[in-house]
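Next come the chains, spelled out residue by residue.
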Amino acid sequence: MATRFIFLSFCLLFSSTLTISNAKIFPTFPSSRITPEKLSSLISNSKDSQGLYKTKYHTQILDHFNYNPQSYQTFQQRYLINDTHWGGSKNNAPIFVYTGNEGDIEWFAQNTGFMYDVAPKFKALLVFIEHRYYGKSIPYGGYKEIAYKNASTTGYLSSTQALADYASLIIDLKKNLTATDSPVVVFGGSYGGMLAAWFRLKYPHVAIGALASSAPILNFDNIVSPYSFSNIITQDFRSVSENCYKVIKGSWKQIEETAKKPGGLEKLQKAFRICKSEKNLAIESWLSTAFVYTAMTDYPTPSNFLNPLPAFPVKEMCKAIDDPKTGNDVFAKLYGAASVYYNYSGTAKCFDLNGDSDPHGLSEWGWQACTEMIMLTGGDNKDSIFEESEEDYDARARYCKEAYGVDPRPNWITTEFGGHVDILNS
């Protein structure tokens, strides 16, 4: 089982590793997925002429918890619906709801195969709700430049507001479908899984159950070790090949030493087929991202969730590293491994380390990771596949203040949803 257990803590903030000074913010991703072949089959066999789902919108209130005039502003929240197998309200057939993550809801709907698998058996209606401030569910008239302008407008982006959105939408949807007696089960992966679990806690009258996959709800307030995330990645690679693990673990120092030498940057650029010459090649960050995301999507079948990948991509990476044809050339081994993640299709001629593409609309996770989603799992112990380091909360806090003008609230999630249990001695 790969690092899917930690959707967030989620890896290094998005398409590339995001470093806050020395502190890492990890994002979130769902664990189940539909392979490209299966997705095509579902679309072609669907009775819905629009394909896998129909797109709808719900008029949502901006602020569920205050009564200031601005709280009553509304925005259009997108949700996707598939009624192909629904048994109907007359039969009290269930409604399965995906609690959307930090990105475009279509991305998650196309990569959450489990719900489609079980819908026929339970005759369930499928609903995928987009998280506020992501995709097309943007407050302030849909204008991102306003919604993301500053802390005053982005301040309505939080897990509690999102959960209230889901409750409001589900209740309204059931009313419109005359399905008030249809039971609701919520599903989610990663951050969406956390939301599913918390939804069941906060809104038990709306949902009878929740399935939370890869949901790191214990990654707060020092409940688990700050080394937990990198330890799982290390285990993924080490369980495949001890040599693979040792090559990666020993490579960081070699990369640093090479970069310091005359002509070292040019050597690294050539070895890793970097498109442009840069004063500071972020090779370590680029490689770390490949190892982290590959471990997170180490599925037993080919997938195309983050990038096109083969089945068991960690094994494929280690196969490239263990390839005797590369001899003792560590950089050639690492290039072969990185190519599994960045160039499995074989179409890339070179790599752009500074690309800032965000095809899935994940950018606002930075705000959440700087406010309430303080999952301190950025440490690496001496056995880690990465260089030994400590989680640096102070560095993150400084970054958050500079970037967003806010101070993190590291204890809020456990205060709101629970975490540590204090047992008083009698």
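What counts and how
Residues numbered from 1 in each chain as written. Predicted model: local features only at pLDDT ≥ 70, side-chain atom pairs only at ≥ 80, totals over all residues. Heavy atoms only, no water. Disulfide = S-S within 2.5 Å. Helix = DSSP H or I, 4+ residues; strand = E, 2+ residues; numbered from the N terminus. Buried < 20%, exposed > 50% of the residue type's maximum accessible area, 1.4 Å probe, protein only. Pairing = 2+ DSSP bridges. Axes fitted to C-alpha atoms, helices over the stretch in contact; angles between N-to-C directions. Contact = heavy atoms within 4.5 Å. Phe/Tyr/Trp six-rings, centres within 6.5 Å; stacked < 30°, edge-to-face > 60°. Parallel < 35°, antiparallel > 145°, perpendicular 65-115°, else oblique. Left-handed = near helix turned anticlockwise from the far one by under 90°. Nonpolar A, V, L, I, M, F, W, Y, C, P; charged D, E, K, R; others polar. Salt bridge = Lys/Arg side-chain N within 4 Å of Asp/Glu carboxyl O. Core = buried A, V, L, I, M, F, W, Y, C linked by side-chain atoms within 4.5 Å. Domains from an automatic or database assignment.

Looking at an unreviewed UniProt entry, one finds the chain named Serine carboxypeptidase S28 family protein, with Citrus clementina as its source organism.

Peer 1: Break down the state of the cysteines for me, with residues and values.
Peer 2: Overall, the coordinates contain three disulfides when judged by the stated rule. The disulfide partner of Cys244 is Cys318, and the S-S distance across this bridge is 2.2 Å. Around the S-S axis, the bridge from Cys244 to Cys318 shows a dihedral of about -75° and counts as left-handed. Residue Cys244 is located in helix α9 (residues 242-260), and its partner Cys318 is located in helix α12 (residues 313-321); the two are separated by 74 residues in the primary sequence. Across the pair, exposure class does not vary: Cys244 and Cys318 are buried alike. Cys275 shares a disulfide with Cys350; S-S distance 2.1 Å.

Peer 1: Go over the sheet that holds strand β8 (residues 209-213) with me, naming the residues and quoting the values.
Peer 2: With mixed pairing, the six strands of this open sheet are ordered in space as β3-β4-β6-β5-β7-β8. Of all the strands in the sheet, the pair left with one neighbour each is β3 (54-61) and β8. The mean inter-strand angle of the sheet, taken between neighbouring strand axes irrespective of direction, is 25°. Pairing of strand β7 (residues 184-189) with β8 involves five bridges; the strand directions are parallel. Along β8, the bridge assignment pairs Val185 with Gly209. Against the sheet, helix α3 (residues 113-122) engages β4 (74-82), β5 (95-99), β6 (125-129), β7 and β8, with an angle of about 150° to β6. Each of β5, β7 and β8 is contacted by helix α7 (residues 191-202), which is oriented at about 150° to β7, the strand it contacts most.

Peer 1: Got a sec to walk through the packing of aromatic side chains? Specific residues and values, please.
Peer 2: Within the structure shown, the criterion is met by 25 aromatic pairs. Between Trp107 and Phe108, the ring centres sit 4.9 Å apart and the planes meet at 50°, which makes this aromatic pair tilted. A ring pair is formed by Phe237 and Phe291, whose centres lie 5.6 Å apart and whose planes are at 80°; its orientation type is edge-to-face. Taken as a pair, Phe237 in helix α8 (residues 228-240) and Phe291 in helix α11 (residues 283-296) lie far apart in primary sequence, 54 residues in all. Taking the relative accessible area as the measure of exposure, Phe237 reaches 0% and is therefore buried.

Peer 1: I'd like a description of the packing of helix α6 (residues 159-176) against α7, backed by residues and values.
Peer 2: The geometry of α6 relative to α7 is characterised by a closest axis approach of 10 Å and an angle of 65° between their N-to-C directions. Taken together, the axes of α6 and α7 are roughly perpendicular relative to one another. Where α6 crosses over α7, the two elements pack in a sense that is right-handed. Residues Ser159, Leu163, Tyr166, Ala167 and Ile170 of α6 form the contact with α7, whose participating residues are Tyr191, Leu195, Trp198 and Phe199. Considered class by class, the residues forming the contact of α6 with α7 number eight nonpolar, one polar and no charged.

Peer 1: Quick rundown of the environment of Ile208? Include the residues and the values.
Peer 2: The topology assignment puts Ile208 in the loop between α7 and β8. The contacts of Ile208, once residues within four sequence positions are left out, are Pro183, Val184, Val185 and Arg200.

Peer 1: So what's going on with unusual backbone geometry? Residues and values would help.
Peer 2: Positioned with a positive phi, Lys123 is a non-glycine residue whose angle comes to about 55°. Within the secondary structure layout, Lys123 lies in the loop between α3 and β6. Even without being glycine, Tyr133 reaches a positive phi, approximately 75°. Relative to the elements of secondary structure, Tyr133 occurs in the loop between β6 and α4 (144-147).

Peer 1: So what about the packing of α9 against α11? Which residues, and what values?
Peer 2: α11 packs onto α9 with a crossing angle of 165° between their chain directions and a minimal axis gap of 10 Å. As summarised for this structure, α9 and α11 are arranged roughly antiparallel, according to the angle between their axes. As α9 packs across α11, the resulting crossing turns out to be right-handed. Where α9 approaches α11, its residues Ile248, Trp252, Ile255 and Glu256 are matched on the opposing element by Ile283, Glu284, Leu287, Ser288 and Phe291. When grouped by side-chain class, the residues that make up the contact of α9 with α11 number six nonpolar, one polar and two charged.

Peer 1: Can you lay out the pattern of salt bridges for me, pointing to particular residues and giving the numbers?
Peer 2: For the structure shown, the criterion picks out nine salt bridges. In this structure, Asp104 and Arg78 form a salt bridge, with 2.9 Å as the shortest nitrogen-oxygen distance. Taken together, the residues span a long stretch of sequence, with Asp104 in the loop between β5 and α2 (105-109) and Arg78 in strand β4 at a distance of 26 residues. Here Arg78 falls in the buried class, since its relative accessible area comes to 1%. A salt bridge links Lys382 to Asp383; the nearest nitrogen and oxygen atoms lie 3.8 Å apart. For Asp383, a relative accessible area of 38% gives the class partly exposed. Within the structure, one salt-bridge network assembled from shared partners comprises Arg78, Asp104, Glu106 and Glu130.

Peer 1: A description of the nonpolar core should follow, citing residues and the corresponding values.
Peer 2: For soluble globular proteins, the rule of thumb is that nonpolar side chains tend to be buried together. One finds Phe128, Phe237, Ile248, Phe272, Leu287, Phe291 and Leu334 to be the most contacted residues of the largest nonpolar core, which totals 62 residues. For this core, the domains that each give at least three residues are domain 1 (52-213) and domain 2 (223-404). If sequence neighbours within four positions are ignored, Ile248 has contacts with Phe237, Phe291, Ile321, Leu334 and Ile385. Residues Trp86, Ala147, Leu169 and Ala369 belong to the second largest nonpolar core, which totals 47 residues.

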